[in-house]
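Understanding the architecture of this molecule
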Protein chains: 2
Amino acid sequence: MADIARRTDHRYGNRPTMKDVAARAGVGLKTVSRVVNGEPGVTPDTERRVHEAIEALGFRRNDSARVLRKGRTATIGLVLEDLADPFYGPLSRAVEEVARAHGALLINGSSAEEPEREQELALALCARRVDGLIVIPAGDDHRYLEPEIRAGVATVFVDRPAGRIDADAVLSDSFGGAREGVAHLIAHGHRRIGFVGDRPRIHTGAERLRGYRAAMEDAGLPVREEWISLGSTNPERVSAAVREMLTAPEPVTALFAGNNRVTVTAVRTLAAHPSPVALVGFDDIELADLLGITVIAQDAAALGRTAAERLFRRLDGAGGAPERVVLGTTLLARGSGEIAPPTA
Amino acid sequence: MADIARRTDHRYGNRPTMKDVAARAGVGLKTVSRVVNGEPGVTPDTERRVHEAIEALGFRRNDSARVLRKGRTATIGLVLEDLADPFYGPLSRAVEEVARAHGALLINGSSAEEPEREQELALALCARRVDGLIVIPAGDDHRYLEPEIRAGVATVFVDRPAGRIDADAVLSDSFGGAREGVAHLIAHGHRRIGFVGDRPRIHTGAERLRGYRAAMEDAGLPVREEWISLGSTNPERVSAAVREMLTAPEPVTALFAGNNRVTVTAVRTLAAHPSPVALVGFDDIELADLLGITVIAQDAAALGRTAAERLFRRLDGAGGAPERVVLGTTLLARGSGEIAPPTA
DNA sequence: TAGAGGCTGGACAACGTTGTCAGATCGCGA
DNA sequence: TCGCGATCTGACAACGTTGTCCAGCCTCTA
């Protein structure tokens, strides 16, 4: 064949290996390995020769082979919902920092809230033999991870608990936070309060709805089903639902928004509404202080950090039953939640 | 030793291998490989037996070994500045989507703007033999990547060009965008305009400053050095610098902010200022529409997508000299940039 | 019935590294 | 000068997978 440019084989552009370095330095393979890994027992002169050969060839150790031999990848996987969601940026970053402190790298992927994709991603990470896995569940059945966990993949769930298996989890107090937020609205005189939430199939969505109902019940207030909007966080649908609540015969006078994206949409929708409507949102948002949006803030970075630390403790051999850690939330009163109902 | 709990060896909790599957199914090793990889030449009956064995043992292929053998990892690396920065979330997500479409996973890490950390991270990714690398530079000398690129690691730089080496790059038009933004302020009557920017050592920072100077010069306006604040994006320092510009004997009447973080700080600082000050910021920000902040928007997702697509084209064998792609920016007039100077 | 040809299955080497272990070398004292 | 440690070095196997290649079997035809 006249196929001259064709590579002789399939490999990484023919990178030099330890064998090549050894040949060039005139030493044995293992000696190169020793130098590369800083093991003792190499004369300074030999070491220098090896370093020169490494330099000259541009050698870099192939960690794939190393992993195969050693059994640990020093890599952890993070399956989250959407890296573009501002809630997950700090969370992911916090995980990364902890990983870095433990000398590990982070592989991450977004599930886009699709359970199949979460599973596909988590299993792909397991196939790469990540040492541990941090998962923000999209689905509610994680039995598919059982063989992996049994095989030694440390696994911690964040933001939402695992479904159908018993595993470590680090959560925010969705129920308590929502209850507090709605109680805050009630304390400011509201009696008809709308809840705009996530899919109730998602744990956090369900918990926040439960918190809403609990606060209403605590105050002896009725809840009408038309005050509750669940389902997608699609802006158009959310916006339409909000408008409907506001123009009903007996309109709501305040809204509780179930997560950051819903809150943003709600703020946009309310901005176009003639009269002020009270609003409390779950999750803090950048610039919310300037817009005067009252929120129930959760600490995304703390969630990530806590989960990662637990993961590495498990990797370091910590035993014991799976635990669930719940982190508290903070109500930040900034104006929108303190608007009184119209004195109609 | 009475060390009963000790693992017999170092490996992944003794996961089953293809060999184990083969033994259990009563077939040869290679047959299992064929079934796992969907290769032809296996009778349905044999295939069924193999699948049963896989199921029963909870076998999952070890991709580390696979990678070692095949030479491709189907993984790309992304070195960015800070995953928690809302600018990088969508960028990272876009890269991930493209990678996914090509069946690859994404490993990412934050350099925290430290050149050493960028290098450490990039080389660690190379050691894991990522097929390609997307880098948002923190440093300005990337010669350390030369051996890697020569060895076949496709590399694309994003947001800022590579330093001291010739490589593909996908950038936003920082110069043009800044020039347009400042010209916009000038068109609204401002003559004393402050520039609050990034470290000028960073390419984007320098380019935006250059755009500012060009716009001023185009209009025949002088630039005083005390109108320019460079250096860290640390909120306190930025805030102090802004206050200084506003309270000088001849105060600026408008500000151009060099990036999203600076814009946020500027907005906060200006909110506490007695009289309105015009502001245009580089980078769009969530909720900026509601706050009426005029910005020069760049499309972070498009940057990431374009870079990733180029990377995979290189991986698919596209040759040719390194190219630089520059994406345009968009001025979004929302109010803050259209404030007229005080008629003093 | 025998041979050709197609299909299935398995033995073996190789990927690049590290752990084990034994051999080589050196310095020093007797 | 020889022997003995101590120190340094290298041969070899193994990690779990895939590519190559050959053997066996089955079917179909002459």
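Residues numbered from 1 in each chain as written. Chains lettered and ligands numbered in written order. Predicted model: local features only at pLDDT ≥ 70, side-chain atom pairs only at ≥ 80, totals over all residues. Heavy atoms only, no water.

Per an unreviewed UniProt entry, chain A goes by LacI family transcriptional regulator and derives from Streptomyces gardneri.

Description of unusual backbone geometry
Residue and element names in this part refer to chain A. Filter applied, for reference: Secondary structure follows DSSP: runs of H or I at least 4 residues long count as helices, runs of E at least 2 residues long count as strands, and numbering of each begins at the N terminus. Relative accessibility thresholds used throughout: buried, under 20% of the residue-type maximum; exposed, over 50%; partly exposed, between the two (1.4 Å probe, protein chains only).
Within the chain, L287 stands out as a residue other than glycine whose phi angle is a positive 70 degrees. By the element assignment, L287 lies in the loop between β9 (278-282) and α12 (288-291). Residue classification places L287 among the buried positions, given a relative accessible area of 1%.

Considerations on the sheet that holds strand β9 (residues 278-282) of chain B
All names here are of chain B. The condition is simple: Strands are treated as partners if at least two bridges between them are detected by DSSP. The contact criterion used throughout is that any non-hydrogen atoms of two residues lie within 4.5 Å. Axis angles are defined between N-to-C directions and span 0 to 180 degrees, where every axis is a line fitted to C-alpha atoms and, for a helix, only to the segment in contact.
Strand order in this open sheet of six strands is β7-β6-β8-β9-β10-β12, and the pairing throughout is mixed. Edge positions in the sheet fall to β7 (228-229) and β12 (330-332), since each has one partner strand and no second. Contacts from helix α9 (residues 203-218) reach β6 (193-196), β7 and β9, with the element oriented near 170 degrees to β6. Of the strands in this sheet, β6, β8 (254-257) and β9 touch helix α11 (residues 260-271), which is tilted by about 160 degrees from β9.

Side note on the domain arrangement of chain A
How we decide: For the domain bounds, the source is a domain assignment made automatically or taken from a database.
Here the domain parsing of chain A yields domain 1 (18-61), domain 2 (71-171 + 300-326) and domain 3 (174-298). One C-alpha centre belongs to domain 1 of chain A, the other to domain 3 of chain A, and the line joining them spans 64 Å.

With respect to the packing of aromatic side chains
Aromatic rings considered in pairs are described by the distance between their centres and by the relative angle of their planes. For clarity, the threshold we go by: Pairing of aromatic side chains here covers Phe, Tyr and the six-membered ring of Trp, requires ring centres within 6.5 Å, and sorts the geometry by plane angle: under 30 degrees stacked, over 60 edge-to-face, intermediate tilted.
Tallied over the full model, the rule gives six aromatic pairs over all chains. Centre to centre, the rings of F195 of chain A and F256 of chain A are 6.1 Å apart; their planes meet at 15 degrees, and the pair counts as stacked. Taken as a pair, F195 of chain A in strand β6 (residues 193-196) and F256 of chain A in strand β8 (residues 254-257) lie far apart in primary sequence, 61 residues in all. Residue F256 of chain A is classed as buried on the basis of its relative accessible area of 0%. Each ring, one from F195 of chain B and one from Y212 of chain B, has its centre 5.2 Å from the other, and the planes form 40 degrees; the classification is tilted.

Quick look at the interface of chain B and chain A
What counts here: When two components associate, each loses some accessible surface as probed by a 1.4 Å sphere; the sum of these losses over both components is called the buried area. Salt bridge, as used here: a side-chain nitrogen of Lys or Arg that lies within 4 Å of a carboxyl oxygen of Asp or Glu. Distance and chemistry together define a polar contact, namely a pair of N or O atoms within 3.5 Å, with one atom able to donate a hydrogen and the other to accept it when in protein, and with adjacent residues in sequence counting only for side-chain atoms on both sides. Charged residues are taken to be Asp, Glu, Lys and Arg, nonpolar residues to be Ala, Val, Leu, Ile, Met, Phe, Trp, Tyr, Cys and Pro, and polar residues to be all remaining types, Gly included.
Contacts between the two partners involve 63 residues from chain B and, on the opposite side, 64 residues from chain A. Each partner contributes to the roughly 5900 Å² buried at the junction of chain B and chain A, and carbon and sulfur atoms together form 53% of this total. Counting every contact that joins chain B to chain A gives twelve salt bridges. Ionic pairing is found between R100 of chain A and E120 of chain B, a salt bridge with its closest N-O pair at 3.3 Å. At the junction of chain B and chain A, the tally comes to 29 residue pairs in polar contact (both at pLDDT 80 or more). Looking at the side of chain B that touches chain A, the elements that each hand over two or more residues are α4 (63-70), α5 (88-101), β2 (105-110), α6 (115-127), α7 (146-150), α11 and α12 (288-291) of chain B. Taken together, the residues of the side of chain B that touches chain A break down into 30 nonpolar, 13 polar and 20 charged.

Observations concerning the environment of A271 of chain B
All names here are of chain B. Along the chain, the position of A271 falls in helix α11. Residue class for A271 comes out exposed when judged on its relative accessible area of 55%. Counting along the chain gives 29 residues from A271 to V242, while the straight-line C-alpha distance between them is 12 Å.

Remarks on the UniProt feature "domain: HTH lacI-type" (unreviewed entry) in chain A
In plain terms, the rule: UniProt positions are given in the numbering used here, feature names are shortened, and annotations may be inferred rather than shown by experiment.
When the UniProt feature table is mapped onto this chain numbering, "domain: HTH lacI-type" (unreviewed entry) sits at residues 16-70 of chain A. The span residues 16-70 of chain A is 69% helix and 0% strand, and its two end C-alpha atoms sit 21 Å from each other.

Topic: the pattern of salt bridges
Within this structure, the stated rule accounts for 54 salt bridges over all chains. Of the charged contacts, one joins D168 of chain B and R314 of chain B as a salt bridge, the two residues approaching to 2.6 Å between their closest N and O atoms. A residue pair is termed long-range when its members are at least 10 positions apart, and D168 of chain B in strand β5 (residues 168-172) and R314 of chain B in helix α13 (residues 300-315) qualify at 146 residues. Accessibility expressed as a relative area gives 18% for R314 of chain B, which makes it buried. D218 of chain B is the partner of R179 of chain B in a salt bridge, and the nearest nitrogen-oxygen pair spans 2.9 Å. Residue R179 of chain B is found in helix α8 (residues 174-187), and its partner D218 of chain B is found in helix α9; the two are separated by 39 residues along the sequence. We classify R179 of chain B as partly exposed; its relative accessible area is 31%. Assessed through its relative accessible area of 52%, D218 of chain B is described here as exposed. Within the structure, one salt-bridge network assembled from shared partners comprises D45, R48, R49 and E52 of chain A.

Some points on the sheet that holds β8 of chain A
Residues and elements named next belong to chain A. Pairing is mixed across the open sheet formed by six strands, whose spatial order is β7-β6-β8-β9-β10-β12. Edge positions in the sheet fall to β7 (228-229) and β12 (330-332), since each has one partner strand and no second. Here β6 pairs with β8 via four bridges, running parallel. Within the sheet, the bridge partner assigned to F195 lies in β8 and is F256. The strands touched by helix α8 (residues 174-187) within the sheet are β6, β8, β9, β10 (294-297) and β12, with β9 carrying the most contacts at an inclination of about 170 degrees. Of the strands in this sheet, β6, β7 and β9 touch helix α9 (residues 203-218), which is tilted by about 170 degrees from β6.

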